[in-house]
Amino acid sequence: MLATGAHGSSLWARQGGAVHDYVAEMTMVSPGRAADGYVRVRRLKEGDSTEINAAKVSLGVLGAIYKVTFKLQPLFKRSLTYMQKDDKELGDEAIAFGSKHEFADLSWFPSQGKVIYRIDDRVPSNAVGNGIYDFIGFRATLSSALAIIRSVGYSRINQGC
Ligand SMILES: Cc1cc2nc3c(=O)[nH]c(=O)nc-3n(C[C@H](O)[C@H](O)[C@H](O)COP(=O)(O)OP(=O)(O)OC[C@H]3O[C@@H](n4cnc5c(N)ncnc54)[C@H](O)[C@@H]3O)c2cc1C
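Residues numbered from 1 in each chain as written. Predicted model: local features only at pLDDT ≥ 70, side-chain atom pairs only at ≥ 80, totals over all residues. Heavy atoms only, no water.

The condition is simple: UniProt positions are given in the numbering used here, feature names are shortened, and annotations may be inferred rather than shown by experiment.
The UniProt entry for the protein carries this comment under Sequence similarities (unreviewed entry): "Belongs to the oxygen-dependent FAD-linked oxidoreductase family."

1. Structural notes on the site of the ligand
Keep this limit in mind: A single heavy atom is enough: if one lies within 4 Å of a molecule or strand, its residue is considered near that molecule or strand. Contacts described as polar in this section are N or O atom pairs within 3.5 Å, which, within protein, must combine one atom able to donate a hydrogen with one able to accept it, while residues neighboring in sequence count only if both atoms come from side chains. Under the scheme applied, nonpolar residues are Ala, Val, Leu, Ile, Met, Phe, Trp, Tyr, Cys and Pro; charged residues are Asp, Glu, Lys and Arg; polar residues are all the others, including Gly.
Taken together, M1, A3, T4, A6, H7, L59, G60, G63, A64 and I65 are the residues near the ligand. At 2.5 Å, a side-chain N or O of T4 approaches an oxygen atom of the ligand. Here the shell around the ligand is composed, by residue class, of 6 nonpolar, 4 polar and no charged.

2. Concerning the environment of F70
Definition in use: The way it works is that DSSP assigns letters per residue, a run of H or I at least four long becomes a helix, a run of E at least two long becomes a strand, and they are numbered from the N terminus. Every residue pair with non-hydrogen atoms within 4.5 Å of one another is taken to be in contact.
Assignment of secondary structure puts F70 in strand β3 (residues 64–70). With near-sequence residues (within four places) excluded, F70 lies in contact with V19, Y22, V23 and A24.

3. Description of unusual backbone geometry
Residues other than glycine predominantly adopt negative phi, and peptide bonds predominantly adopt the trans conformation. Look at Y38: it is not a glycine, yet its phi comes out positive at around 65°. As for its placement among the helices and strands, Y38 is situated in the loop between β1 (23–31) and β2 (39–45).

4. Here we look at the side chain of S30
In this fold, S30 is placed in strand β1. Apart from residues lying up to four places away in sequence, S30 is in contact with V39, R40, R42, L62 and G63.

5. Observations concerning the layout of surface pockets
Put simply, the rule is: Think of a 1 Å grid over the protein atoms and nothing else: a 1.4 Å probe that fits but is trapped marks a cavity, an open set flanked by protein within 12 Å on at least five of seven lines marks a pocket, and residues with an atom within 4 Å of a point count as lining. Grid points are joined across faces, edges and corners, and a volume is the space filled by probe spheres set on the points.
Put simply, the largest pocket is a space of about 920 Å³. If you trace the largest pocket, you find 31 residues lining it, with A13, G16, Y22, E102 and F103 closest to the centre. Only α2 (90–100) and β5 (105–109) provide two or more residues apiece to the lining of the largest pocket. At 4 residues, the largest contribution of residues to the lining of the largest pocket is made by α2.

6. Let's talk about the nonpolar core
Inclusion rule: Only buried residues count toward a nonpolar core. Its members are Ala, Val, Leu, Ile, Met, Phe, Trp, Tyr and Cys residues joined through side-chain atoms within 4.5 Å. Each residue is assigned to one of three classes by its accessible area relative to the maximum for its type, calculated with a 1.4 Å probe on protein chains only: buried under 20%, partly exposed between the two thresholds, exposed over 50%.
With 7 residues, the main nonpolar core is built from L2, V23, M26, M28, L44, I52 and A55. Contributing elements (two or more residues each) for this core: β1 and α1 (51–56). Among the elements that take part in this core, β1 stands out by supplying 3 residues, more than any other. Filtering out sequence-adjacent residues up to four positions away, I52 remains in contact with V23, A24, E25, M26, L44, K45 and E46.

7. With respect to the domain arrangement of the protein
Quick reminder of the rule: Domain segmentation is taken from an automatic or database assignment of domains.
Domain annotation of the protein identifies domain 1 (19–70) and domain 2 (77–158). Placing a centre on the C-alpha atoms of domain 1 and another on those of domain 2 gives a separation of 37 Å.

If you want it as structure tokens, here you go:
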């Protein structure tokens, strides 16, 4: 994830929207000279040198990322609600929606003209909820139903839709 520069929207991030924006230290292993025992272990720390900036998003070419220390924040609770709407205003609504909810997300289904908005915010740790995360993608689904969905999807792709 680090090597590929995986990132989010950055709409809310104080320090940046990418995973690598929160790295404090990393260790990389690469081939070395005979004198090094044929291995080189580099330990890079934020503030020590600018090399860490290149190492963070190196696409794997500078060596294997072996160990990473992240800057974390204390555990917190989130509240999630899904809302379905038609996609007529999606272009205008996306940024406003993303700016309103810290962990906002949306799934667009253009062939159905629908959008599923995920209203997702940080809440106090004593907030009461039902503790259920019933995102449809993680629910148990009959394999025969999946086979039908996939065959419909593939035929759409083959038709260039
Ligand atoms: C469904 C889906 C949704 C996605 N959504 C997003 C998104 O919203 N935003 C986003 O930014 N990206 C997104 N991605 C891309 C995703 O972030 C990258 O695929 C991911 O970062 C790859 O990391 P990996 O470790 O999982 O994969 P790998 O295939 O293990 O790694 C990918 C590359 O990283 C390098 N690498 C891996 N491990 C190491 C290591 N230990 N040391 C050095 N180099 C290494 C290698 O060069 C390797 O080829 C998405 C991908 C998928 C499949």
